[in-house]
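If you want the building blocks of each chain, they are given just below.
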Amino acid sequence: MGAQKSIHAGKAKIDVNVDLTHKLCTSLMLLPPIPIRDGGSPLSLVIGSLCIKHPNLFGGSEKLDVSWDKGLYDSTVLVAYRRPRPEWLPQQCFVLQHVNILSDDGRSITRDMEGFPVTCSGSTHDSMVVLKQESRYAKATNDSFSRFSMQIEQGIPVLSKWLIFNKFKFVATKGLKLGPAFLVASLTGGSIVGDMAPYQAFAVGGLGSVRGYGEGAVGSGRSCLVANSELTLPLTETLNGALFLDCGSDLGSGRLVPGNPALRQGKPGSGTGFGYGLRYKSPIGHLQIDYAMNSFKQKTVFFGISNLGL
């Protein structure tokens, strides 16, 4: 649940958003899973957030976002500044981020229960200034579409203990109509060079990655590569059937993450998931149900909803 309030300050409008959420189980494992803790992504469970947005900071459409996220195992303060640029240039954003890792009782910690560091700085928190750049390309016809995006992040050493790194991620997607069916294939990859904390690792597995596995249960690494393909067939005007195949890997980079959480948690590093599902276009949004099987013959049911019209 949440609330939104717009405040007019002179010629500018400031949007204030308050959100309180509780993340329920997004998938139902039909067989007992391999005991795996999600150690590559402690920032994924957000239970509350406060966001203030200024859409026209200096009168030239400059955007300022200030947000605070409170998770089960972390607290994050983020300040982002964006300047408008021509469409043919990569879009840029300066981000000041402060991450504080918490224990189960809400206290700041520097190491996990097994004594391995949970931050890069070795203290109770990490701070960083990041220059983010994103380029996008899209082309569509009646029978096909192509999309490509590239994100590059550079950690700027403002202070000696602040994180210095280079991170990139790309997503390439191709859709093609095959008679009454439609095939969508995508390839996602990325890598991090330089300083990094365990929570910055690429998490492979779950809905939107490799179905058939829990969130981040395939691997947590400095690099990743995930391939997805899905064939949808119309059953009625609002209901489609789907067949899918997902593959993903951390490219052997799990051991390069500080503390090697993937090895300690028994993550295989690579995996394949396949199955079938239903896609229903309801008045409130698109509903998705997937039945998937992974490389260990474990079966999972995933539920999802998108394009909410509320």
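Since this is a predicted model, take the numbers as computed values, not measurements.

Looking now at a nonpolar patch on the surface. A cluster of nonpolar side chains, L50, I52, V66, W68 and V77, forms an exposed patch at the surface whose accessible area comes to about 360 Å². The set of elements that each furnish at least two residues to the nonpolar patch consists of β4 (46-54) and β5 (63-71). Along the polypeptide, L50 turns up in strand β4. Residue class for L50 comes out partly exposed when judged on its relative accessible area of 35%.

Once that is clear, we can look at the packing of aromatic side chains. With the rule as written, the count across this model stands at four aromatic pairs. For the pair Y213 and F296, a centre-to-centre distance of 6.5 Å together with 80 degrees between the ring planes defines the contact as edge-to-face. Of the two residues, Y213 sits in the loop between β12 (202-204) and β13 (219-221) while F296 sits in the loop between β17 (285-294) and β18 (299-306), which places them 83 residues apart along the sequence. A relative accessible area of 43% places F296 in the partly exposed class. Cation over ring: K167 sits above F202, and NZ or CZ is 5.0 Å from the ring centre. One cation-aromatic arrangement involves R211 over F244; the distance from NZ or CZ to the ring centre is 3.9 Å.

In this structure, L251 takes a positive phi of about 55 degrees despite not being glycine. Positionally, L251 belongs in the loop between β15 (239-249) and α1 (261-264). Note on L251: relative accessible area 52%, which makes it exposed.

Put simply, the largest pocket is a space of about 1600 Å³. Surrounding the largest pocket, 48 residues form its lining, K169, V171, T188, A203 and G208 being those nearest its centre. For the lining of the largest pocket, the class distribution of residues is 20 nonpolar, 18 polar and 10 charged.

So, on to the pairing of β5. Note: β5 against strand β6 (residues 74-82), eight bridges, orientation antiparallel. Of the residues in β6, the one forming a bridge with W68 is V77. Once β5 ends, the chain turns through two residues before running back antiparallel as β6.

The tally for this structure, following the rule as stated, stands at 10 salt bridges. R211 is the salt-bridge partner of D246, the closest N and O atoms lying 2.7 Å from each other. Here R211 lies in the loop between β12 and β13 and D246 lies in strand β15, a separation of 35 residues in the sequence. In this pair, the class of D246 matches that of R211, namely buried. Residue E230 is joined to R279 by a salt bridge in which the shortest nitrogen-to-oxygen separation is 2.9 Å. In this pair, E230 is assigned in strand β14 (residues 223-234) and R279 in strand β16 (residues 270-282), connecting sequence segments 49 residues apart.

Calculation notes
- Residues numbered from 1 in each chain as written.
- Predicted model: local features only at pLDDT ≥ 70, side-chain atom pairs only at ≥ 80, totals over all residues.
- Heavy atoms only, no water.
- Patch = residues over 30% accessible without salt bridge, like charges linked within 9 Å, V, L, I, M, F, W, Y side chains within 5 Å.
- Areas by Shrake-Rupley, 256 points an atom, 1.4 Å probe, with all protein chains shown as cover.
- Salt bridge = Lys/Arg side-chain N within 4 Å of Asp/Glu carboxyl O.
- Helix = DSSP H or I, 4+ residues; strand = E, 2+ residues; numbered from the N terminus.
- Buried < 20%, exposed > 50% of the residue type's maximum accessible area, 1.4 Å probe, protein only.
- Phe/Tyr/Trp six-rings, centres within 6.5 Å; stacked < 30°, edge-to-face > 60°.
- Lys NZ or Arg CZ within 6 Å of the ring centre and 35° of its normal.
- 1 Å grid on protein atoms, 1.4 Å probe; cavity = no way out; pocket = protein on both sides within 12 Å on 5 of 7 lines; lining within 4 Å.
- Points joined across faces, edges and corners; volume = space filled by probe spheres on them.
- Nonpolar A, V, L, I, M, F, W, Y, C, P; charged D, E, K, R; others polar.
- Pairing = 2+ DSSP bridges.

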